[in-house]
Each structure stands twice: as C-alpha cells, then as structure tokens.
Amino acid sequence: MRHIVRLEGQDHAAALSGPVNDRQLLLDGAALAASLVRKAGSSAALQVAGTSFGLHIAGTDDRLFVWLDGEVYEVAVLEPLAVHARQAGAATGLEARAPMPGSVVALPVAVGDSVRAGDTLVIIESMKLEVALKATQPGRVAAISCAVGRNFEKDAVLVMLAAEGSA
Amino acid sequence: MRDWPFDTVLVANRGEIAARILRTVKALGLRGLVLQHAADFAAPALALADGVVTIEGPTPVAAFLDGAQIIAKALAAGAQAIHPGYGFLSENAGFCRAVADSGMIFIGPAPDAMSLMGDKVRARGFVAARGFPVAPSAIEDDDPASFAARAHALGGPLLIKPAAGGGGKGMRIVRDLADLDDALAQARREGLRYFGDGRLYVERYVERPRHIEVQILADHHGNVRHLHERECSLQRRFQKIVEEAPSTTLSGQQRREICDTAVGIAAAAGYRNAGTVEFIYGDGVFYFLEMNTRLQVEHPVTEAVTGLDLVEHQLRIAAGEALRFTQQDVRLDGHAIELRICAEDAAADFAPCTGRVLAWHEPHGEGVRMDAGIMQGARITAAFDPLLAKLIVHAPDRAQALRRAEAALRDTVLLGCGSNIGFLGRLLAHPDVRAGELHTGLVQAELDNLQRPALSPQAKQAVLAAAALSSPAIRAAADAVPKLHAAMGAWRN
C-alpha cells in the first residue's frame, strides 16, 4: 500500500519495499535506494540516491518534523482513504475556519443572518492576538459551531454559511 | 551581602523568565520557589526550583493573574519575597501593594511609581511637564468630547494606543484618516478586554522609527544609574523579536543625551529597582514613549555588554542595599544580540503554532547563552505567550555577533512545534539588518523577502525520504507485505 506524504501542501505517494536492512523507497513512482541511520537524540544520517544528508527527525505516527539545513519541515503521513475524505470537505469559501488554535471573543452574527462579503463572522483570540474572520462571499449563516469564550483547534470550522438563494 | 531580609523568593511567573530568575536566586544562596499551573508539566523552571507552588484558575492565564491566591499560597509555602518577572502581575500596582501588606517584599518598584508609569497618559504628561521630549498627541482624558476631532487635527499618520496598554496590544497605525473612527472603536474594545480600560490616546506616528530604550537601576539611597541603551527596532505586530546593545545608530553625544534623559525621568518619578525608559527615535530626534516598571524580556543583552546580573541587582536593591558602582564604572563591552524564539509561523502572518516538544537542542560555545522555557516533552499550547526561549550572543563587535548568532541559530533544533528559528536566521542575513539600517516597520515591509525559499528538488527528496523511512505506518506497511509481493518490489503497482 502506498501512503500519501504531504509536504508544503503537496501530496507525494510513498512506499517502502525490501527487508529492513535493504530498503527501496518508491517515491512518486521512482525507485530509490535509501537508508536512514538514527544517531544520538533526534539526529540521523540519510542516504538517498547516493547522496548523504545530516538531519534531525522526530514525530508522532502521522506528523513528522524534519530539520534540514537550518529549517524544519512538517510532513504529514496519510492513508490514501483519509486524503479523499479531506478533499470532499475542502474549502468552498462558505466556512470560517480557525487559522490557528485559540478562543472566541465575539460572535456578531446569528444563525439566519444575511452577510455580505467582508462582514465579520467571528472574532477570535490566540496568544493575546485578536483576529476577525470575515465572509469571503455573501450568504446566510447556516450554522455556528462555537461560542464566546470557548476554545478551538486550528482548522476548526467556526461558522458555516449557505450560499444566498439556497434552501 | 551577609544578611538578606528574605531567604525564600517566589518567582510568580513561568517559562524562560522563571528559570532565568531562579538561577540567580539560587546562585545567591537563597531558596527559590516557582508557580505551576497544570498546563505546564515539563519546564526547566520546575526542575530548577527548590519548591513548586501549584495554582489553579478558570484558564491558565487567569491563575497567573490571581494575586490573592498567589499571595496566600506564597505565604503558606514560606516565601518572604516575590519576584513577578515580566507580564502577568509584574506591573500591577494593586498586587505590588498587596504583597507589601502581606508582609512580603515585592522585588520591583514602589506601587506609586508603578501606577504613574503604568498609566501611559499620566506618564506622558508627567514627563512632558518636566521638560523631557514627547511626541505631538491627543489624549482622550483631556476632553473626551473633542477627542476624535483633536486626533483628526494632528494629521496622519497616527498611532492609536490604549491608555492602560503595553506590549503592543490594541495599538494601531492609521495612515488614512477616513479609517480613524473604526480604528478607535477597535482599539477601545481591545483596551477594555486586555486592560479593563478603554481610554485611548493618539500620537503622531514617526515614519521608519527606531525603538531605543535605556536600562535603569535605582536604589533606595538616591542612586540612579543607566546601563546604556538597547535597540529593539526589529518588531512584528509592535512586539520585539530581535534586540541588541548598543544601538547601531547613536553617536557618543546622542547616547549620553538619551541615557541622561532616562536617568532624569527615573529620578523625577522617584523610581526604585530595575526599569526601562523607552524612546522612539527618528531623524536624530527622540521622544519618550513609556517606562516599563519591571525586568524586560531583552535584559540579557544589557547583562552581556555590562557584565552585570540585573536580577542580582534587583534582589540587592529590594533588600535595601546601595548600588556599589558609579556611572563611570558601567562598562560597554562589545556587542550583544538577542533573538526571541517563538512558536509562530512567519509564513502565516506570525500565527501561533502549537505542539509538543519532541526534540530540543541548544547551541553551546563562547559568547552563546540560551534562556529556555521549554524542554523535551513540554506541551506548547495557545494558553500562553508564544515566547519559548531567547538566544543571546555576545562578541567583540557587531559583525562578529551576527556571525555568532547565525551559527548558534543553526545549532538550535526544535522539533514538534512550528517556530521562527529559520525566519530569525533569514532576518539576520537581510542586507538592511547586516548594515544596521533598522526601523520598526522593517520586518513587515520586507516580509515577502524574508519567507523561506522553495526547497530544491534534491532537498525535497531528502525530506520526503527521511519521513517515509521513519514513519511507523509506512514501515509497518512494508513489513506486512507478503513475501511474494515483496519479491516483486518496485514492479508492483
């Protein structure tokens, strides 16, 4: 089974084959000889297609962090099914999504309200910074899934709009 | 000092500053306690402290702002003095008074000086009335009915500030006066929420200003000294991210003038303990901005160039000792730079990042100091400020300090939570920063040029390969493949 490896918003298909000590990496259809030797702490020596890299790596099951040349890259590992599920719910411009984790400061709209593009849907606060999330297109407030004072995680949908004219 | 009037000090704070204060408390032979809320469970300060005082509240921040609870628990734990650090209750005159009323010593200024300087409008009036320079402004309290009209009359660009503010919260620049009324309303709301006070003032905004501040130490015997200036012009969202000492722009004459002005203001206010007088500097002219009545985040650059431990002097002053050095004794040795390592994403307008510290490596070497508030296992949440650690470098001159800072940043590794470490490295490499041509809008103006460049195809392949080779899910899938399929290897589709 190939997994999806997501880096900087781009998806790549990745799979390993062969025994632990002689891995072949299949990356976006190309087969590469690759090995990773873990060293002290998070540091590791990578060999891929004949080139060596010194890097740091640590992660959880589906969220990996790779330090290379002074920069850290976050890599998500997804099963192909999960990718399809996410795409089905992708942004339509009708949702106010939390750009960062935080809490709700003010909710100037109520379910049923008509809003114009640019109207503030919800004001949030994160680490003492206040941000207004605005409607990107006109519509009617279909659902509010947050409340003043409540916390949320990044990417949570806070307010849903229905396109004007839809039921 | 032979006899301290206190032997146990509670640090009423968390994160890097709690650890930094505890180090000096312990080095002086005193007992150090620290606050802990359940949100923090892996932190250097908790490991350093001789005792931990657990606090609770409806939110983690509310717990650190609950002065009555902190005082009661401090007394129960045997504390005789409280060091507030910065933020939280450090500039709360009511807390300062309550600590004194409880019989403990507050390590900081007297409440009167704190109230005076904490009210930005009163402070400004006080400073102007004594002949020190302030920027042209309109103050709501002078006559609330005509405030908006007076603000419009100043002409743009304008800077709106909450009267009770600090730390850049609620501040807004207005370039088009048509936006002024909306901006006033928004600033008022933020002022009410952060400081419980919606009063505002507006002042003429100096274009391409530098932020220069002077460190003060004042004792209870009438001695006021300055420890030279710091330049903190590299900011995002009105909050500093890189500070250095000395400033890259002041001449010797200007340095004497700005430092003497700061000493004059502190003396006029009857100030005691450590404080910082902040100025806006542009076109050779400086204006009083505000006085911060606490230890500053960026105090380590002053410690590096003067060789003085500011926390030690805070403790000695609070204990009633006289400053033992003259102004001439305060040296200015080399150049120091501090970089604030924050959990934030420079590519998303510095939005905060959260996560868990999976790996944390600190740099070492001559002239390198790391004041860290995190350690492996720590959880970084949106509950607190995004500051994680401060990297401070010191070298004989600025060019060497910049090189040392870049090398140290490359040796700093944080995995598990997004941070600005890479961004700080690119900022230091910016030609204007290298040249010392700084202003407080530089970061915002150059933001596009400071973003991470695209990965080269080879580097991208390396990152993906490293991730695939360490991912438990991908490895498990490979090991689960039946032998026949494995033998087919890359041919399998």
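Residues numbered from 1 in each chain as written. Chains lettered and ligands numbered in written order. Predicted model: local features only at pLDDT ≥ 70, side-chain atom pairs only at ≥ 80, totals over all residues. Heavy atoms only, no water.

### Looking at the overall build of chain A
Condition: Numbering goes from the N terminus for both helices and strands, where a helix is a DSSP run of H or I of at least four residues and a strand is a run of E of at least two. To sort residues, take the accessible area from a 1.4 Å probe on protein chains only and compare it with the maximum for the residue type: under 20% means buried, over 50% means exposed, and anything in between is partly exposed. By definition, residues are in contact when any of their heavy atoms lie within 4.5 Å.
In terms of helices and strands, chain A carries one helix and 16 strands. A buried classification covers 40% of the 167 residues belonging to chain A. Once local pairs closer than 6 in sequence are excluded, the contacts in chain A between residues at least 24 apart make up 42%.

### Looking at the sheet that holds strand β13 (residues 273-282) of chain B
Residue and element names in this part refer to chain B. Under the convention used in this document: We call two strands paired when DSSP finds no fewer than two bridges between them. Comment: axis = line fitted to C-alpha atoms, over the contacting stretch for helices; angle = value between 0 and 180 degrees taken between N-to-C directions.
One open sheet holds the eight strands; their spatial order is β14-β13-β10-β11-β12-β15-β22-β20, and the pairing between them is antiparallel. One side of each edge strand has no neighbouring strand; the edge strands of this open sheet are β14 (285-292) and β20 (368-372). Across the sheet, the mean angle from the axis of one strand to that of its neighbour is 25°, orientation sign disregarded. The sheet strands contacting helix α11 (residues 299-306) are β10 (210-218), β11 (224-236), β12 (239-245), β15 (335-342), β20 and β22 (387-395), and the helix crosses β15 at an angle near 155°. Sitting on the sheet, helix α12 (residues 310-318) is in contact with β10, β11 and β13, with an inclination near 40° to β10.

### Let's talk about the pattern of salt bridges
Using the following cut-off: Basic side-chain nitrogens of Lys or Arg form a salt bridge, by our definition, when they fall within 4 Å of a carboxyl oxygen of Asp or Glu.
Applying the stated criterion across every chain yields a total of 44 salt bridges over all chains. Salt-bridge contacts for A:R97 lead to A:E95; the nearest nitrogen and oxygen are separated by 3.0 Å. For A:E95, a relative accessible area of 23% translates into the label partly exposed. Measuring nitrogen to oxygen at the nearest pair gives 3.9 Å for the salt bridge that ties B:K120 to B:E290. Of this pair, B:K120 sits in helix α7 (residues 120-129) while B:E290 sits in strand β14, and the two are 170 residues apart along the sequence. Look at B:K120 and you get buried, because its relative accessible area is 5%. Taken together, the shared-partner salt bridges in this structure form one network comprising B:E213, B:R230, B:K240, B:E243, B:E278, B:E298, B:E338 and B:R340.

### Some points on the sheet that holds strand β14 (residues 139-144) of chain A
Each strand in a sheet pairs with another by means of backbone hydrogen bonds, the pair being arranged parallel or else antiparallel. All names here are of chain A. The strand order across the open sheet built from four strands is β9-β16-β14-β11, with neighbouring strands paired in antiparallel fashion. Both edges of this open sheet fall to β9 (95-97) and β11 (114-115), since each of them pairs with a single strand only. Where β9 and strand β16 (residues 157-163) come together, three bridges link them in antiparallel fashion. Residue A96 lies in a different strand from β16, and its bridge partner there is V159.

### Looking at the interface of chain B and chain A
What counts here: Once two parts are put together, the accessible area they lose, assessed with a 1.4 Å probe and summed over both, is termed the buried area. Whenever a nitrogen or oxygen atom comes within 3.5 Å of another N or O atom, the pair is scored as a polar contact, on the condition that within protein one atom can donate a hydrogen and the other can accept it, and that pairs from neighbouring residues in sequence are kept only if both atoms are in side chains. Each residue gets one of three labels, nonpolar for Ala, Val, Leu, Ile, Met, Phe, Trp, Tyr, Cys and Pro, charged for Asp, Glu, Lys and Arg, and polar for the others, Gly among them.
Across the contact, 57 residues belong to chain B and 59 residues belong to chain A. Taken as a group, B:R452, B:L464 and B:L469 account for 13% of the area that chain B buries against chain A, more than any other trio of residues on that side. Across the pair A:E71 and B:R426 runs a salt bridge whose closest N-O atoms are separated by 2.4 Å. If you look at where chain B meets chain A, you find nine residue pairs in polar contact (both at pLDDT 80 or more). Where the side of chain B that touches chain A is concerned, the elements lending two or more residues are α9 (180-195), β17 (351-352), β19 (359-361), β23 (413-415), α14 (421-429), α17 (457-470) and α18 (472-480) of chain B. Residue composition of the side of chain B that touches chain A, grouped by class: 30 nonpolar, 14 polar and 13 charged.

### Observations concerning the domain arrangement of chain A
Note on interface size: it is often stated as the accessible area lost on association of the parts. Applicable threshold: Throughout the structure description, domain borders are defined by an automatic or database domain assignment.
Domain annotation for chain A reports domain 1 (2-80) and domain 2 (92-163). Here the C-alpha centre of domain 2 of chain A lies 37 Å away from the C-alpha centre of domain 1 of chain A.

### Side note on the environment of B:V99
Residues and elements named next belong to chain B. Residue position: V99 is located in helix α5 (residues 93-101). A sequence separation of 31 residues divides V99 from A68, and the C-alpha atoms of the two residues are 9.1 Å apart. In contact with V99, not counting residues within four places along its chain, are I71, I82, M104, I105 and F106.

### Section: α18(B)
Definition in use: Arc definition: it is the arc formed by the directions from the helix axis to the C-beta atoms.
Among all positions of α18(B), only B:I474, B:A477 and B:A478 are buried. For α18(B), the angular spread of buried residues about the axis comes to 100°, placing them on one side. Against β1 (3-7), β2 (10-17) and β8 (71-78) of chain A together with α17 of chain B lie the buried residues of α18(B).

### With respect to the packing of aromatic side chains
Residue and element names in this part refer to chain B. Under the convention used in this document: Stacked, edge-to-face and tilted labels apply to pairs of Phe, Tyr and Trp rings (six-membered ring for Trp) whose centres lie within 6.5 Å, assigned for plane angles under 30 degrees, over 60, and everything in between, in that order.
Within this structure, the stated rule accounts for seven aromatic pairs over all chains. With a centroid separation of 5.6 Å and an interplanar angle of 40°, the aromatic rings of W4 and F6 are classed as tilted. Owing to a relative accessible area of 1%, F6 belongs among the buried residues under this scheme. Seen in terms of ring centroids, F95 and F106 are 6.2 Å apart; in terms of plane orientation they differ by 80°. Their pairing is edge-to-face. Residue F95 is located in helix α5, and its partner F106 is located in strand β5 (residues 105-106); the two are separated by eleven residues in the primary sequence. Residue F95 is classed as buried on the basis of its relative accessible area, which comes to 4%. One aromatic cluster is present, formed by F64, F88 and F384 through successive ring pairs.

### Focus: the nonpolar core
Residue and element names in this part refer to chain B. This is how it is decided: As used here, the term nonpolar core means buried Ala, Val, Leu, Ile, Met, Phe, Trp, Tyr and Cys residues forming a set that is joined through side-chain atoms within 4.5 Å.
With 41 residues, the main nonpolar core has L339, W360, F423 and L427 as its most contacted residues. Listing elements by their share of this core, those giving two or more residues are β12, β15, β20, β22, α13 (398-410), α14 and α16 (442-445). Counting 36 residues, the second largest nonpolar core, distinct from the first, contains I17, V25, A45 and A319.

### What to know about the side chain of B:E203
Here B:E203 is to be found in strand β9 (residues 200-204). If sequence neighbours within four positions are ignored, B:E203 has contacts with B:R124, B:A135, B:P136, B:S137, B:L154, B:P157, B:L158, B:L159, B:K161 and B:L289.

### A word on the environment of B:I317
Residues and elements named next belong to chain B. Position of I317 relative to the elements: it lies in helix α12. What makes I317 buried here is its relative accessible area of 1%. Every residue in contact with I317, bar those within four places of it in the chain, is listed here: L217, A218, D219, H220, N273 and L323.

### Here's the deal with the layout of surface pockets
The line we're drawing: Points on a 1 Å grid, built from protein atoms alone, make a cavity when a 1.4 Å probe fits but cannot get out and make a pocket when they are open with protein on both sides within 12 Å along at least 5 of 7 lines; residues with an atom within 4 Å of a point are the lining residues. Grid points are joined across faces, edges and corners, and a volume is the space filled by probe spheres set on the points.
Estimated volume of the second largest pocket: approximately 1400 Å³. Lining the second largest pocket are 43 residues; nearest its centre among them are A:R63, A:F65, A:E74, A:K154 and B:D345. Sorting the residues of the lining of the second largest pocket by element identifies β1, β7 (63-68) and β8 of chain A together with β16 (344-345), β17 and α14 of chain B as the ones contributing at least two each. For the lining of the second largest pocket, the element with the highest residue contribution is β8(A), accounting for six residues. The class makeup of the residues in the lining of the second largest pocket is 19 nonpolar, ten polar and 14 charged. Per-domain counts for the lining of the second largest pocket show at least three residues from each of domain 1 (2-80) and domain 2 (92-163) of chain A.

### Digging into the pairing of β13(B)
Residue and element names in this part refer to chain B. Among the ten residues of β13, ten are classified as buried, and the element is accordingly described as predominantly covered. Direction of pairing for β10 relative to β13: antiparallel, over a ladder of nine bridges. Bridge pairing in β13 links I212 to F279. Sheet analysis places β13 next to β14, joined by seven bridges and oriented antiparallel. Within β14, the residue paired with V277 across the bridge is M291. The turn joining β13 and β14, which pair antiparallel and follow one another in sequence, is formed by two residues; a positive phi near 50° is taken by D283.

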